[in-house]
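Report on the structure
Residue-level listing of the chains:
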Amino acid sequence: MSRSPMGDLSSASEPPVVVGVDGSEHSLRALEWAIGAAELLGAPLVVAHVRSDALQLGAARIASLGPSPELPDTVVTAVRTVVEEHGHTLPVRYESLDGSVTDALPAAARGARLLVTGSRGHGGFASLLLGSTSRALAATAPCPLVVVPHEARTAALESGARAGRVLLGLHTEETPDEVVAFAFEAAHHRGVPLEVVTAFRLPPQPGALVVAPSPALQVPPPLPLADDMEDSLVREGRREQEERLRPFAARRPEVDLVPVVMPGDAAGLLVEGSRDAGLLVVGRHHRHRFGSLLVGSVAHAVLHHAHCPVAVVPPVAR
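All values derive from a computational prediction rather than experimental measurement.

Procedures and definitions
Residues numbered from 1 in each chain as written. Predicted model: local features only at pLDDT ≥ 70, side-chain atom pairs only at ≥ 80, totals over all residues. Heavy atoms only, no water. Helix = DSSP H or I, 4+ residues; strand = E, 2+ residues; numbered from the N terminus. Buried < 20%, exposed > 50% of the residue type's maximum accessible area, 1.4 Å probe, protein only. Areas by Shrake-Rupley, 256 points an atom, 1.4 Å probe, with all protein chains shown as cover. Core = buried A, V, L, I, M, F, W, Y, C linked by side-chain atoms within 4.5 Å. Salt bridge = Lys/Arg side-chain N within 4 Å of Asp/Glu carboxyl O. Axes fitted to C-alpha atoms, helices over the stretch in contact; angles between N-to-C directions. Parallel < 35°, antiparallel > 145°, perpendicular 65-115°, else oblique. Left-handed = near helix turned anticlockwise from the far one by under 90°. Contact = heavy atoms within 4.5 Å. Nonpolar A, V, L, I, M, F, W, Y, C, P; charged D, E, K, R; others polar. Phe/Tyr/Trp six-rings, centres within 6.5 Å; stacked < 30°, edge-to-face > 60°. Polar contact = N/O pair within 3.5 Å; in protein donor to acceptor, adjacent residues only side chain to side chain. Arc of directions from axis to C-beta. Pairing = 2+ DSSP bridges. pLDDT = per-residue confidence, 0-100. Right-handed = clockwise from strand over helix to strand, strands pointing away.

1. A look at the overall build of the protein
Scanning the protein for helices and strands turns up 9 helices and 13 strands. Evaluated residue by residue, the protein yields a buried proportion of 44% over its 318 residues. For the protein, the accessible area works out to roughly 16400 Å², and carbon and sulfur atoms hold 56% of it.

Pasting the structure below:
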């Protein structure tokens, strides 16, 4: 993979926000969000474009003939104009990358604060909720990946990175600390509340576990789950959630915490809550039995259906 940097981040001490662009409307929405996020974080911005296969091939053929000027990257040129029209003051670098998108962008984002992409790029079917590139990056990005949804399912992006509360999906036993810390920091920098959703499934009713061998042995349907049992599960869930969040809340006491514990499907509750949220935060991985890391079912679902940008936070390498 070759890289052509344009711009200067030599004075920047903070890790950058990296945004992948391809000139599509989806990537320009991601660019707008990334600019706002970089300004909030006080971080430099890296705008990265992976050149098309045709352009990479043409450049390689020209280079094989001897020294020559590098082919211009028209996407970077156009995007640079958009960024400059934004009127920001943050340091920006532009990079033209070679290789596959799923290899080049993670490489460019090593050590970055965030990697930001649109939910789809050029060439995707309009009916798709999530493009194959964003789906692959969710499993491989070396830093938190923020996927900005396309207009068809976006709740509101008019206020950019400051819009709405931060929503965290928390499994009290499985969600890594880095995911919780990321959500607290996001709420702190945006100056918005942090809503933490912990969902649990109600236990099956005894009658649902027995199949009558014949109509003569059928029994009446079981009674509804007693309210006191559900209340007990909610109280226990609240206790576990409060215990898990306590050290993070102590470090960020200024964050307005909104705890939610309720029965239901975690992904469904988060997607519904994303309608008026500014950022939805989930952990990324479950570990496969062969050692590879896979995108968990909740992250997979919210990436496809959430109405606000989704941050997928990877585990810290051990």
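2. With respect to the nonpolar core
If you look at the biggest cluster of nonpolar residues, it comprises 45 residues, and the most contacted ones within it are Leu45, Val116 and Val281. Listed in part, the 31 residues of the second largest apolar core include Val147, Ala277, Leu303 and Cys308.

3. Some words on the pattern of salt bridges
Oppositely charged side chains can pair when the atoms bearing their charge come close. This model, assessed by the stated rule, comprises 14 salt bridges. Residue glutamate 242 is joined to arginine 246 by a salt bridge in which the shortest nitrogen-to-oxygen separation is 2.6 Å. Taken together, the positions of glutamate 242 and arginine 246, both in helix H7 (residues 227-251) and 4 residues apart, correspond to about one turn of that helix. Owing to a relative accessible area of 45%, arginine 246 belongs among the partly exposed residues under this scheme. Arginine 252 serves as the salt-bridge partner of glutamate 254, at 3.2 Å between the closest nitrogen and oxygen.

4. Looking at the packing of helix H4 (residues 101-108) against helix H5 (residues 132-140)
Relative orientation of the contacting elements H4 and H5 amounts to 45 degrees, with a least axis distance of 10 Å. Considered as vectors, H4 and H5 are oriented oblique to each other. Between H4 and H5 the crossing geometry is right-handed. Seen from H4, the contacting residues are Val101, Thr102, Leu105 and Pro106; seen from H5, they are Thr133, Ala136, Leu137 and Thr140. Considered class by class, the residues forming the contact of H4 with H5 number 5 nonpolar, 3 polar and no charged.

5. Quick notes on the packing of aromatic side chains
The final tally for this structure, using the stated rule, is 1 aromatic pair. When the ring of phenylalanine 184 is compared with that of phenylalanine 248, the centres are 6.1 Å apart and the planes differ by 20 degrees; the resulting orientation is stacked. On the criterion of sequence distance, the pair formed by phenylalanine 184 in helix H6 (residues 177-190) and phenylalanine 248 in helix H7 is long-range, its members being 64 residues apart. One exposure class covers both phenylalanine 184 and phenylalanine 248, and it is buried.

6. Focus on the environment of serine 96
Looking at where serine 96 falls in the secondary structure, it is placed in strand E4 (residues 92-97). Residues serine 96 and alanine 48, spaced 48 residues apart in sequence, show a C-alpha to C-alpha distance of 6.1 Å. One polar contact links serine 96 to aspartate 73, side chain to side chain, over a distance of 2.7 Å.

7. Quick look at helix H8 (residues 266-273)
Three or more residues of H8 are buried, namely Ala267, Leu270, Val271 and Gly273. When H8 is viewed along its axis, its buried side chains cluster within an angular range of 165 degrees and face the same direction. Against strand E7 (165-169), strand E8 (194-200), strand E10 (277-283) and helix H9 (297-305) lie the buried residues of H8.

8. What to know about the pairing of E10
Taking burial as the measure, the 7 residues of E10 include 6 buried ones, the bulk of the element. Relative to E10, E7 runs parallel, the two being bridged by 4 bridges. The residue of E10 that forms the bridge with arginine 165 is alanine 277. Bridge count between E10 and strand E13 (residues 310-313): 4 bridges; the pairing is parallel. Across the sheet, the residue bridging to glycine 283 is valine 313, located in E13.

9. Here's the deal with the confidence of the model for the protein
Confidence along the protein averages 80 in pLDDT terms, with 72% of residues attaining 70 or more. Of the regions scoring below 50 in pLDDT, residues 121-129 engages in 15 contacts with residues more than four places distant in sequence or in other chains. Across residues 287-294, confidence stays below pLDDT 50; counting only partners more than four residues off in sequence or on other chains, it has 10 contacts.

10. Things to note about the pairing of strand E2 (residues 17-20)
Burial along E2 is two-sided: Val17 and Val19 and Val18 and Gly20, pointing in opposite directions, are all buried. Note that E2 and strand E3 (residues 45-50) share 4 bridges and pair parallel. Residue pairing across strands places glycine 20 opposite alanine 48, the latter belonging to E3. Where the polypeptide runs from E2 across helix H1 (residues 25-41) and back to E3, its parallel neighbour, the crossover connection is right-handed. Bridge count between E2 and strand E5 (residues 114-118): 3 bridges; the pairing is parallel. If you follow valine 19 over to E5, its bridge partner there is valine 116.

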